[in-house]
Structure formats: structure tokens, C-alpha cells
Amino acid sequence: MPNYWLMKSEPDAFSIDDLAAMQVSPWDGVRNYQARNFMKKMQLGDQIFFYHSSCKPAGIVGIAEVVKEAYPDYTSWDPKSAYFDAKSTPTQPRWFMVDVAFVTKFPRLISLAELKEDAALNEMPLTQKGSRLSIMPIRNEDWDRIQQHLK
């Protein structure tokens, strides 16, 4: 049985349409330890809500799937990368990434405001005040409930 996750990306940096065009992409550049630890728990076949953040409106735009489990994020070793970290090395990597595959783009965005209005989702980290993590686990019941918003 797959686990469920939500992963945020700014659409001007990497959007659901970018993933659809590529079909498979590494999810690199995560520089938060808790988000990194969540990625290290991801398994093949886990399902991901793709969330567009830092835009108006922000919200869930589709689904992706984990197709390669966590491995060192090599962008942290490249001094020319925006994600460079001098403390991360190939022999002692500090940061990790997973590869994700495009599954579907929703016919419409499920906005954060819409999710917050649904009392059944009030325990979900995304809907709670101050939740800023770029990657978070999603409970099975929340996964199912969110998809009901499309009906």
C-alpha cells in the first residue's frame, strides 16, 4: 500500500506542466532537514499531491509518484548551483532527493483556501497556521477527502 505525500513547488521554478513535459524528474534542492527526512522515508510507488506554492491561488494541481527512492542531491556539491552547500560532499552527503513521475494534472486547482474550509482536513499540517514545510506526509483519509473536492 503506498504512502501519501504533498510536495510544494513554485510554479515559476518547476510546475506540474514542467513535470508533465519531462514525465520523470529529480526533486532536488530541498534544504530543510525535516523535509529531507520525509523524502528519505519515501518508497517506490508512493503517491504525491503536487502543490503550487507562493502563487495566487496556491493549491494542489495534480499527482506524481515516487519512481526512485532517496539518493544524494548532487546539486549541493555544485558551486554554480543555487542549492550549493559546502558542508555537503559526495562522501558525506547532507541532502537527498527522490525522482518523481507525472501521473495526472487535475482539471482544476484545489486551493489552499478550499482545503482550509473543509473541517475534515483541519488536522492536516498544510491547513494549520504556520505550516511551511515543502514536503509533508498525508494521511490516507485526507488523501481520499482531498480528491473528493474534484467531484
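Residues numbered from 1 in each chain as written. Predicted model: local features only at pLDDT ≥ 70, side-chain atom pairs only at ≥ 80, totals over all residues. Heavy atoms only, no water.

Participant: How should I be thinking about helix 2 (residues 33-41) in this particular structure?
Facilitator: Note on helix geometry: an α-helix contains 3.6 residues per turn, so any two residues three or four positions apart are oriented the same way. The complete set of buried residues in helix 2 reads A35, R36, F38 and M39. Each buried residue of helix 2 lies within a common arc of 155° when the element is viewed along its axis, so the set occupies one face. Considering only its buried residues, helix 2 is in contact with strand 1 (4-9), strand 2 (24-27), strand 4 (59-72), strand 5 (96-111) and strand 6 (135-138). Capping of helix 2 at its N-terminal end is provided by N32; its side-chain oxygen lies 2.9 Å from the backbone amide nitrogen of Q34. (Buried < 20%, exposed > 50% of the residue type's maximum accessible area, 1.4 Å probe, protein only. Helix = DSSP H or I, 4+ residues; strand = E, 2+ residues; numbered from the N terminus. Arc of directions from axis to C-beta. Contact = heavy atoms within 4.5 Å. Polar contact = N/O pair within 3.5 Å; in protein donor to acceptor, adjacent residues only side chain to side chain.)

Participant: How do you make sense of the nonpolar core when you look at a structure like this?
Facilitator: A general tendency of soluble globular proteins is for nonpolar side chains to be buried together. Residues M7, W27, F49, I60 and I135 are the most contacted members of the largest nonpolar core, which totals 37 residues. Every element with two or more residues in this core is listed here: strand 1, helix 1 (16-22), helix 2, strand 3 (47-52), strand 4, strand 5, strand 6 and helix 4 (140-148). Sort the elements by how many residues they give to this core and strand 4 lands first, with five residues. The residues touching I60, leaving out its near neighbours within four places in the chain, are L6, F49, F50, Y51, F106, R108, L109, I110, L115 and I146. (Core = buried A, V, L, I, M, F, W, Y, C linked by side-chain atoms within 4.5 Å.)

Participant: Explanation requested: the environment of A101 in the structure shown.
Facilitator: Here A101 shows up in strand 5. We classify A101 as buried; its relative accessible area is 11%. Along the sequence, A101 and S111 sit 10 residues apart, while their C-alpha atoms lie 22 Å from each other. If we skip the residues at most four places from it in the chain, A101 touches L19, Q23, V24, A64, E65 and V67.

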